[in-house]
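Below are the chains, spelled out letter by letter.
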2 protein chains.
Amino acid sequence: MAKARAAPARSCPVAAFQKMISGKYKLRIVWDLKDGPRRYGEIRSGLLRGMEGSAEITPRVLSRELKALTESGLIDRKDFGEVPPKVEYRLTRKGKSFVPVVAAIRQWGDRNLGESAALVDAAE
Amino acid sequence: MAKARAAPARSCPVAAFQKMISGKYKLRIVWDLKDGPRRYGEIRSGLLRGMEGSAEITPRVLSRELKALTESGLIDRKDFGEVPPKVEYRLTRKGKSFVPVVAAIRQWGDRNLGESAALVDAAE
DNA sequence: TGCGATCCTGCAAGTATGGACAAAATTGAT
DNA sequence: ATCAATTTTGTCCATACTTGCAGGATCGCA
């Protein structure tokens, strides 16, 4: 990524995938959204959880990631015309179909990349 | 990430995953290796296939990606002491366990990111 | 001596990514 | 008038990643 830019044109879905998820929060956002629609502020709060007291997510950054995800077609932005602004994000069909992939990644990561991974690694 | 640096320390397997696969060829290399050990030059040739006549992979880059994958524990480097040099790379146990994840990514990508994806997208 | 085969590395440059900071936009409440 | 709430965007910067070119090291053989 970072990622992965300069994708080999088309014809390589893996490269497209890498480009799509490049970004620090994209996968986490998708994961957070799997349980239902969330508002901007809710996503922001949700991303805070699990980050060991590190810095907050800058609004700018969150906005960019959300926009990128929207353009990728993974999430959908619904703007209620209210004031103060209220915006909801939710997974599209494509996004929902992507959740199992993320689940697979998480599961594999939990088993092979966590602190307990060293033990497993010992057995080559 | 293109990619993903400054991982949230530990505790986030997804971030570790992103860091691990960041790089233009890492996933493809793992995929190529799933059928058995390959030599440096074979991997290089294999990566050429499927790239529409675009540039070759620089030795520098391939070397770096292979090294990174080795340090991640996904592949294993076996250096026969011969001359001219002969080096073989193959998946470790960890690497093999990772293949299904890549397969899931590929499958999802094929269905949702290829040229035919537009059709599917049409249905929201 | 010169060439071939095979793999590895030092250095430099282009580019994107994450982040800081501030501001806009709207309407109701104080 | 002034402030509050909520989301989005504009501009700028430092960092660090990815990539590419060129060169190097080894040994045998003609």
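Residues numbered from 1 in each chain as written. Chains lettered and ligands numbered in written order. Predicted model: local features only at pLDDT ≥ 70, side-chain atom pairs only at ≥ 80, totals over all residues. Heavy atoms only, no water.

## Things to note about the packing of helix α2 (residues 26-33) of chain B against helix α5 (residues 93-112) of chain B
All names here are of chain B. Viewed as axis vectors pointing N to C, α2 and α5 meet at an angle of 115°, and their least axial separation amounts to 10 Å. The two elements α2 and α5 cross, and the hand of that crossing is left-handed. Two secondary-structure elements touch here, α2 through Leu27, Val30 and Trp31 and α5 through Phe98, Val99, Val102, Ala103 and Arg106. Of the residues belonging to the contact of α2 with α5, the class tally is 7 nonpolar, no polar and 1 charged. (Axes fitted to C-alpha atoms, helices over the stretch in contact; angles between N-to-C directions. Helix = DSSP H or I, 4+ residues; strand = E, 2+ residues; numbered from the N terminus. Left-handed = near helix turned anticlockwise from the far one by under 90°. Contact = heavy atoms within 4.5 Å. Nonpolar A, V, L, I, M, F, W, Y, C, P; charged D, E, K, R; others polar.)

## Some words on the pattern of salt bridges
Scanning all chains against the criterion turns up 8 salt bridges over all chains. The closest approach of N and O atoms between aspartate 79 of chain B and arginine 77 of chain B, which form a salt bridge, is 3.0 Å. (Salt bridge = Lys/Arg side-chain N within 4 Å of Asp/Glu carboxyl O.)

## Topic: the protein's contact with DNA strand D
In the vicinity of DNA strand D lie 23 residues, with Tyr40, Arg77 and Tyr89 of chain A together with Ser22 and Lys24 of chain B positioned nearest. Within 4 Å of the protein, the atoms of DNA strand D are drawn from sugar and phosphate moieties in a proportion of 66%. Here a phosphate oxygen of DNA strand D and a backbone polar atom of glycine 41 of chain A are 3.2 Å apart. Separating a sugar or linking oxygen of DNA strand D from a backbone N or O atom of proline 85 of chain A is a distance of 3.3 Å. Only α3 (40-48), α4 (59-72) and β3 (86-91) of chain A together with α4 (59-72) of chain B provide two or more residues apiece to the surface near DNA strand D. For the surface near DNA strand D, the leading source of residues is α4 of chain B, giving 4 residues. Partitioning the surface near DNA strand D into residue classes produces 9 nonpolar, 5 polar and 9 charged. (Near = heavy atom within 4 Å. Polar contact = N/O pair within 3.5 Å; in protein donor to acceptor, adjacent residues only side chain to side chain.)

## Structural notes on helix α1 (residues 13-21) of chain A
Residue and element names in this part refer to chain A. Taking burial as the measure, the 9 residues of α1 include 7 buried ones, the bulk of the element. Listing the buried residues of α1 in full gives Pro13, Val14, Ala15, Phe17, Gln18, Met20 and Ile21. Glycine 23, located one to two residues past α1, shows a positive phi value of around 135°. (Buried < 20%, exposed > 50% of the residue type's maximum accessible area, 1.4 Å probe, protein only.)

## Considerations on the protein's contact with DNA strand C
Taken together, 23 residues form the shell around DNA strand C, and within it Lys24, Tyr25 and Thr58 of chain A together with Arg60 and Arg77 of chain B come nearest. Sugar plus phosphate: this is where 63% of the atoms of DNA strand C within 4 Å of the protein reside. In the environment of DNA strand C, a phosphate oxygen lies 3.1 Å from a nitrogen or oxygen atom belonging to the backbone of glycine 41 of chain B. Of all the elements in the fold, those that place two or more residues in the surface near DNA strand C are α4 of chain A together with α3 (40-48), α4 and β3 (86-91) of chain B. By residue number, the principal contributor to the surface near DNA strand C is α4 of chain A, which donates 4 residues. Its residues placed into classes, the surface near DNA strand C shows 9 nonpolar, 5 polar and 9 charged.

Take it as geometry only, folks, not as evidence of what the structure does.
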